[in-house]
Amino acid sequence: MSRRDPYVPAAGFHAFSRWYDPIVRLTTRESAFKRRLLQQAGIENGHRVLDLGCGTATLTLLIKQMHPQAEVIGLDADPTILRLAQAKAARAGLALALDCSLASALPYPADSFDRVLSSLFFHHLAPEAKRQAVREIFRVLRPRGELHVADWGRPQNVFMRLPFFLVQLLDGFTPTADNLAGRLPEFFRDAGCADVRETSRFATLFGTLALYRATKPA
Ligand SMILES: C[S@@+](CC[C@H](N)C(=O)[O-])C[C@H]1O[C@@H](n2cnc3c(N)ncnc32)[C@H](O)[C@@H]1O
């Protein structure tokens, strides 16, 4: 298995993509942390919301189900995972807007989203790609728009650190290093975001998941 794509696929390698959903469901307390992320995002009727690195669109669908009056778009660089997402949306009887693009060049105008959400995405990006993605998020967010992120954070203890080696083996040691050091908030601040905070933590089978929020100043 080699990495020929300019992105790390959902489960580390394309061959594992079809098992991504059951793995995440069984190991990450997925329903609890995604619902918490959605709660903190405070999405309102008429909001335009981007789910960045949407993968199989579990979060995108949840947003759509809980906020039918919001406009929701999922974006991912991997066309194969987007086909799985589209099939999942069809099974749920929901029409989803899904775009295929790299996060470093978002295909949207400046100031066009009220919320950007992202789950388990940043640990797939090397440091420079993280910087580019956050710059793009900042560009497409409206003034006072908010970024809400759930991703691997600094392990709470050795029992959270050890199983995280498996995530690193699959997704790479370089992209996961910033997460492990708890550095995601620095990327958000460096791009110009204000009110950057870690809001909660979840102990999971693969390590500590952290939730963050950040705001684009008015
Ligand atoms: C671990 S999955 C997370 C999927 C989903 N958000 C979730 O919570 O289950 C990470 C996703 O990020 C996508 N991705 C990785 N690098 C990307 C990039 N540079 N631009 C856009 N998507 C990217 C991958 O294709 C993958 O679907």
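Quick caveat, the model's predicted, so the values are computed rather than measured.

1. Remarks on the side chain of S17
- Tracing the backbone through its elements, the reader meets S17 in the segment before α1 (20-27).
- The buried category is assigned to S17, whose relative accessible area is 6%.
- In this structure S17 touches A11, I81 and L84, once residues within four positions along its chain are discounted.

2. Let's talk about the site of the ligand
- Lining the immediate surroundings of the ligand are 20 residues, of which Y20, K34, G53, D76 and S119 lie closest.
- A distance of 2.6 Å separates an oxygen atom of the ligand from a polar atom in the side chain of D76.
- A distance of 3.2 Å separates a nitrogen atom of the ligand from a polar backbone atom of A77.
- Protein chains bury 97% of the 600 Å² of accessible surface belonging to the ligand in isolation.
- When atom positions are compared with the pocket grids, the ligand is found to occupy the largest pocket.
- A per-class count over the shell around the ligand returns 12 nonpolar, 5 polar and 3 charged.

How each quantity is defined
- Residues numbered from 1 in each chain as written.
- Predicted model: local features only at pLDDT ≥ 70, side-chain atom pairs only at ≥ 80, totals over all residues.
- Heavy atoms only, no water.
- Helix = DSSP H or I, 4+ residues; strand = E, 2+ residues; numbered from the N terminus.
- Buried < 20%, exposed > 50% of the residue type's maximum accessible area, 1.4 Å probe, protein only.
- Contact = heavy atoms within 4.5 Å.
- Near = heavy atom within 4 Å.
- Polar contact = N/O pair within 3.5 Å; in protein donor to acceptor, adjacent residues only side chain to side chain.
- Areas by Shrake-Rupley, 256 points an atom, 1.4 Å probe, with all protein chains shown as cover.
- 1 Å grid on protein atoms, 1.4 Å probe; cavity = no way out; pocket = protein on both sides within 12 Å on 5 of 7 lines; lining within 4 Å.
- Sits in = over half its atoms within 2 Å of the grid points.
- Nonpolar A, V, L, I, M, F, W, Y, C, P; charged D, E, K, R; others polar.

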